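Close look at the chain arrangement
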Amino acid sequence: IQAFSRTNRVLNATKPYGHILDFRNQRDAVDAAIALFSGKSADHAREIWLVDRAPVVIERLKEAKRDLDDFLKSQGLPPTPDAIGNLAGDTAKAAFIDHFKRVQKLQTQLDQYTDLTPEQKETIEAVLPTDDLRAFRGQYLETADELRRSRAKTPGDALKPASPADDLDFEFVLFASATIDYDYIMKLITDFSAKGPSRSTMSREQLIGLIAADSKFIDERDAISEYVMTLKAGQGLDERAIREGYQAFKAERAAREVAEIAARHGVKVDGDRGLRAFVDRVLTPPYVFDAEGLTALFEGAGLGWRERARKEMALMTDLVPLLKRRAGGREIGGLKVYEE
């Protein structure tokens, strides 16, 4: 038992179980050890310590997928990924989150089995084809992100009514692939640029779908997807050009986003007292909110303190999501007051 626990530790929700390969046919001894250790009968102990065999989990996957399909049909929608965008209201969207999270948990569990037979793999693929699974994941992440943002308190939301999203646990880690990282995506984009859609590993649509289905890219997926759409298939750019092009594209996109917010709230974009410099100061270590800089943005506008405070709060409603996204998970000191 001690050897098993030391060598088969779980990692996170993407690796919730360990693997034990028995080369000496010790199952009876293992069952007896588990029963002794847990103080239960051998059969009951196995339910506590060991996962169900693959056929059982496959049946549960079938049931979870049927429940998802039935839910979508109850909303007057076909059981397809494209239908998720037509769900009306937070209650229906929250229900989809719960239904598909169950499907994904079972799919993740089945991914841990190393001894699936070809027939079992075919059954799993028939229940939820890979392309559909990837598309559902993308819809899940988009919907969960939307609900998460609507749930987050913004300035003036102290009396915001309760939402069906308030009690949701989105479990984004379930949708993060250990093998698909930023470098891998850059290589796929390079492959697309070099070979074109007919000979590359993935088409443009498949590439964008892969990005959208992985939670690691939840804050960058729009930028990466838009960048991919600007590339010409078969253009022949190497990986260095792809990376430099993406960074330039992202910088231009970020600058445009700040300029749009500045125009919307009537503040300067450039200069020491412009919005761009303000954002840069906040996002420079040690990541501390610049309250005086916020006030300075409205200097010279001839505003009374009450009107200036109202405009500051309105501006921060747009800036908080931008600052948090660009901070990449780092905490910004002093920002919480504008989130509550």
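In this report, the structure presented in the accompanying data block is examined. (Residues numbered from 1 in each chain as written. Predicted model: local features only at pLDDT ≥ 70, side-chain atom pairs only at ≥ 80, totals over all residues. Heavy atoms only, no water.)

**Notes on helix H12 (residues 275-282)**
For H12, the full list of buried residues reads Leu-275, Phe-278, Val-279 and Val-282. In an axial view of H12, the angular spread of the buried residues amounts to 95 degrees, which keeps them on one side of the axis. (Buried < 20%, exposed > 50% of the residue type's maximum accessible area, 1.4 Å probe, protein only. Helix = DSSP H or I, 4+ residues; strand = E, 2+ residues; numbered from the N terminus. Arc of directions from axis to C-beta.)

**Let's talk about unusual backbone geometry**
Put simply, Pro-285 and Pro-286 share a cis peptide bond, and its omega is 15 degrees. Within the secondary structure, Pro-286 sits in the loop between H12 and helix H13 (291-296). The phi dihedral of Tyr-287 falls on the positive side, at around 60 degrees, and the residue is not glycine. Structurally, Tyr-287 can be placed in the loop between H12 and H13. Tyr-287 gets classed as buried once you look at its relative accessible area, which sits at 16%.

**A word on the nonpolar core**
Ranked by size, the top nonpolar core spans 30 residues in total, and within it Leu-87, Phe-96, Phe-100 and Phe-136 carry the most contacts. Of all the secondary structure elements, the ones that give two or more residues to this core are helix H4 (54-74), helix H5 (90-111), helix H6 (118-127) and helix H7 (130-151). Broken down by element, the residue count for this core peaks at eight residues, all from H4. With near-sequence residues (within four places) excluded, Leu-87 lies in contact with Phe-71, Leu-72, Gln-75, Leu-77, Ala-92, Lys-93 and Phe-96. If you look at the next biggest cluster of nonpolar residues, it comprises 24 residues, including Val-267, Leu-275, Leu-319 and Leu-323. (Core = buried A, V, L, I, M, F, W, Y, C linked by side-chain atoms within 4.5 Å. Contact = heavy atoms within 4.5 Å.)

**Describing the packing of H4 against H5**
Between H4 and H5, whose axes approach to 9 Å, the crossing angle comes to 160 degrees. The angle between H4 and H5 places the two elements in the roughly antiparallel class. Considering how the two elements wind past one another, H4 and H5 form a crossing that is left-handed. Across the interface between the two elements, Ala-54, Val-57, Ile-58, Arg-60, Leu-61, Glu-63, Ala-64, Lys-65, Asp-67, Leu-68 and Phe-71 from H4 touch Ala-92, Ala-95, Phe-96, His-99, Phe-100, Arg-102, Val-103, Leu-106, Gln-107, Gln-109 and Leu-110 from H5. Here the contact of H4 with H5 is built from residues that sort into 14 nonpolar, three polar and five charged. (Axes fitted to C-alpha atoms, helices over the stretch in contact; angles between N-to-C directions. Parallel < 35°, antiparallel > 145°, perpendicular 65-115°, else oblique. Left-handed = near helix turned anticlockwise from the far one by under 90°. Nonpolar A, V, L, I, M, F, W, Y, C, P; charged D, E, K, R; others polar.)

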